[in-house]
Amino acid sequence: MVMKKILDNMDVKPIYDEIDKSLWSPCSAQTNPNLPKGHAIFFSGSSFQTILNLVELEKIDGKREEIVPKDLQDIILTDFVPTEIYFKYPNLNKFFLWFVETYGGKVSRAIIYNTPTKSGVLKHRDALPDGQETVPRKIKLHGNKDRFHLVISGKYEYTVHGETQVFSKGELWWFDNKTFHSSYNHGDVPKINLVFDVADSMFGEIWYEKVDYIIIC
């Protein structure tokens with residue numbers, strides 16, 4: 001199995017409504033190591049907002065407990081901290097609290113992506129399969145973690161290891177980001193999705209059970 005839809009018909013409007021469009025940053029700086037030098041992974045026009053990010057603990061003088069609020073310390077993996085943007089999005093925070101309560105684990109890196117129509121992400125993989133990675137930063141970013149997509153707006157084709165599915169608004173997906181994957185926004189509206197990694201999640205054991213998803217506004 002290289003990808004699996006965990007839930008659909010989720011109420012993502014509260015998250016969509018709180019996204020500040022002035023905070024988008026261009027994706028052009030990210031390059032694809034599987035293409036000739038200088039080629040970008042993202043098509044032009046794509047942008048992102050980083051929500052949870054990897055930090056070098058020594059650079060924050062061991063003050064992680066001061067940066068990460070007490071109620072989040074049990075859901076965010078060590079070596080990761082919330083950005084200023086995180087605290088602007090209370091409904092996104094509720095989603096992470098719900099996810100960890102429901103499926104267990106700890107959240108690591110999390111980014112919101114905005115992809116225009118007729119645009120996407122070229123084929124790449126984020127790391128080698130677990131146990132084969134040699135770059136310390138990639139181990140911290142991707143090692144022993146599961147990758148999830150929460151579709152906040154639009155729909156897009158996602159291809160993982162040659163298998164293609166359509167990811168649509170209100171769906172929560174898991175996929176294997178350590179094998180080659182790509183995406184394309186074939187819809188007629190910009191695609192916004194939350195991409196996040198979780199260590200030690202139990203989703204694989206309980207994804208088939210019906211779970212009610214509620215955002216308390």
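Cut-off values and rules
Residues numbered from 1 in each chain as written. Predicted model: local features only at pLDDT ≥ 70, side-chain atom pairs only at ≥ 80, totals over all residues. Heavy atoms only, no water. Helix = DSSP H or I, 4+ residues; strand = E, 2+ residues; numbered from the N terminus. Expected span 1.5 Å × (residues − 1). Buried < 20%, exposed > 50% of the residue type's maximum accessible area, 1.4 Å probe, protein only. Core = buried A, V, L, I, M, F, W, Y, C linked by side-chain atoms within 4.5 Å. Contact = heavy atoms within 4.5 Å. Pairing = 2+ DSSP bridges. Axes fitted to C-alpha atoms, helices over the stretch in contact; angles between N-to-C directions.

What is the right way to read helix H3 (residues 90-103) from this model?
Each full turn of the α-helix corresponds to 3.6 residues, which orients residues three or four apart in the same direction. With 14 residues, H3 should reach 20 Å at 1.5 Å per residue; the first-to-last C-alpha distance of 20 Å fits that figure. For H3, the complete set of buried residues consists of Asn91, Leu92, Asn93, Phe95, Phe96, Trp98, Phe99, Val100 and Tyr103. Positive backbone phi, at 75°, marks Gly104, one or two positions downstream of H3.

Where do I start with the nonpolar core in this structure?
Membership of the largest hydrophobic core comes to 43 residues, with the highest contact counts inside it found for Ile51, Phe95, Phe96, Leu172, Leu194 and Phe196. Per-element tally for this core: the top contributor is H3, with seven residues. Leave out the neighbours within four places in its chain, and Leu172 touches Lys4, Lys5, Ile6, Leu7, Met10, Phe95, Trp98, Phe99, Phe148, His149, Leu150 and Phe196. Residues Val2, Met3, Trp173 and Phe175 belong to the second largest nonpolar core, which totals nine residues.

Looking at this structure, I do not really get the sheet that holds strand E11 (residues 181-185). What am I missing?
Neighbouring strands of a sheet are bound in pairs by backbone hydrogen bonds; such pairs are parallel or else antiparallel. Reading across from one edge, E6-E11-E8-E9 is the order of the four strands in this open sheet, with antiparallel pairing throughout. Across the chains shown, the open sheet's two edge strands, defined by having one partner strand only, are strand E6 (119-124) and strand E9 (163-168). Averaged over all pairs of adjacent strands, the angle between their axes in this sheet comes to 20°, without regard to strand direction. Direction of pairing for E6 relative to E11: antiparallel, over a ladder of four bridges. The partner of Ser119 across the bridge, within E11, is Asn185.

Whenever I open this one, unusual backbone geometry confuses me. Can you help?
Leaving glycine aside, a negative phi is the common case for residues, and trans is the common case for peptide bonds. Positive phi values are uncommon outside glycine, yet Lys118 reaches one of about 55°. Even without being glycine, Asp200 reaches a positive phi, approximately 65°. As for its position among the elements, Asp200 is in the loop between strand E12 (191-199) and helix H5 (203-206).

Sorry if this is basic, but what is going on with the environment of Lys13 here?
Assignment of secondary structure puts Lys13 in helix H1 (residues 13-18). Since its relative accessible area comes to 52%, Lys13 is described here as exposed. The spacing of Lys13 and Ile152 is 139 residues in sequence and 7.4 Å in space, taken between C-alpha atoms.

Function cannot be read off these values alone, since they describe shape.
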